[in-house]
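Chain residues, written in single-letter form:
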Amino acid sequence: MLSERELDGAGPTEVSWLLTVTRNLIGNAYRARDRHRALHERLSLTPVASPAGEGDSDITVVEDAMAALREKDRDILQLAYWDELTISEIAQVLKCTQSTAKVRLHRAREAFRKLVPTLCGHFDQKVGA
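Residues numbered from 1 in each chain as written. Predicted model: local features only at pLDDT ≥ 70, side-chain atom pairs only at ≥ 80, totals over all residues. Heavy atoms only, no water.

A.B. asks: Describe the pattern of salt bridges, listing the residues and the values that go with them.
C.D. replies: One pass over the structure, following the stated rule, counts 4 salt bridges. Note that aspartate 34 is salt-bridged to arginine 33, the shortest N-O span being 3.1 Å. Relative accessible area serves as the criterion here: at 35%, arginine 33 is assigned to the partly exposed category. In this structure, the salt-bridge partner of aspartate 73 is arginine 70, at a minimum N-O distance of 3.3 Å. With a relative accessible area of 7%, aspartate 73 lands in the buried category. (Salt bridge = Lys/Arg side-chain N within 4 Å of Asp/Glu carboxyl O. Buried < 20%, exposed > 50% of the residue type's maximum accessible area, 1.4 Å probe, protein only.)

A.B. asks: Describe the environment of histidine 36, and please don't skip the residues or the numbers.
C.D. replies: Position of histidine 36 relative to the elements: it lies in helix α2 (residues 12-45). Measuring from C-alpha to C-alpha, the distance between histidine 36 and tryptophan 82 comes to 9.2 Å, with 46 residues separating the pair along the chain. (Helix = DSSP H or I, 4+ residues; strand = E, 2+ residues; numbered from the N terminus.)

A.B. asks: Describe in detail the side chain of aspartate 73, supporting the description with residues and values.
C.D. replies: Mapped onto the elements, aspartate 73 comes out in helix α4 (residues 71-82). Contacts of aspartate 73, omitting those with residues within four sequence positions, involve Ala108 and Ala111. (Contact = heavy atoms within 4.5 Å.)

A.B. asks: Now, about the nonpolar core: what can you tell me, with residues and values included?
C.D. replies: Nonpolar side chains tend toward joint burial in soluble globular proteins. In this structure, Met66, Leu69, Ile76, Leu77, Leu79, Ala80, Ile90, Ala91, Ala101, Leu105 and Ala108 together form the largest nonpolar core, which totals 11 residues. Looking at this core, the elements that each hand over two or more residues are α4, α5 (87-94) and α6 (98-120). A per-element tally of this core places α4 first, with 4 residues. Residues within four places of isoleucine 76 in sequence aside, it is in contact with Ile90, Leu94, Ala101, Arg104, Leu105 and Ala108. (Core = buried A, V, L, I, M, F, W, Y, C linked by side-chain atoms within 4.5 Å.)

A.B. asks: Requested: an account of unusual backbone geometry, with residues and values cited.
C.D. replies: Look at glutamate 84: it is not a glycine, yet its phi comes out positive at around 55 degrees. Relative to the assigned elements, glutamate 84 resides in the loop between α4 and α5. In this structure glutamate 84 comes out as exposed when scored by relative accessible area, which is 65%. Positive phi, normally seen in glycine, also occurs at lysine 95, with a value near 55 degrees. Summarising the element assignment, lysine 95 is placed in the loop between α5 and α6.

A.B. asks: Describe the packing of α4 against α5, with residues and values.
C.D. replies: Closest axis-to-axis distance for the α4/α5 pair is 10 Å, and the angle between their directions is 140 degrees. Taken together, α4 and α5 sit at an angle that is classed as oblique. Crossing geometry of α4 relative to α5 is assigned as right-handed. Here Ile76, Leu79 and Ala80 of α4 lie close against α5, whose contacting residues are Ile90, Val93 and Leu94. Residues of the contact of α4 with α5, tallied by class, amount to 6 nonpolar, no polar and no charged. (Axes fitted to C-alpha atoms, helices over the stretch in contact; angles between N-to-C directions. Parallel < 35°, antiparallel > 145°, perpendicular 65-115°, else oblique. Left-handed = near helix turned anticlockwise from the far one by under 90°. Nonpolar A, V, L, I, M, F, W, Y, C, P; charged D, E, K, R; others polar.)

A.B. asks: Describe in detail α4, supporting the description with residues and values.
C.D. replies: Given 3.6 residues per helical turn, the α-helix brings residues three or four places apart onto the same face. Of all the residues in α4, the buried ones are Asp73, Ile76, Leu77, Leu79 and Ala80. One side of α4 holds all its buried residues, which, seen down the axis, span an arc of 160 degrees. Positive phi shows up at glutamate 84, right after α4, with a value of about 55 degrees. (Arc of directions from axis to C-beta.)

Rendered as structure tokens:
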């Protein structure tokens, strides 16, 4: 944040720019909150048919897997899949290179894949043709 002393020397252009940026950031936060609430509402109202003998629904497994991930992994997966950002946009948000963002997304996907079978209790995979 800028101190009052720093703002005193700023011209009207800098102050208006600062206020515009602040307003946009607050608007983004409100929209993200509303999207998050809408998703939770949609997920809670969506019936999920689980196969016979399977205790957890798919949604519960995904929620549990996301909760078990490290915060860094969870954040990048949400940026990629929930916010539908491209690799370059994710790199800008995380303030890193595109290569670093790709690697982080790859690692987060792998961590998620490892957690899902564990939480389901089984993993059926066909090997070969």
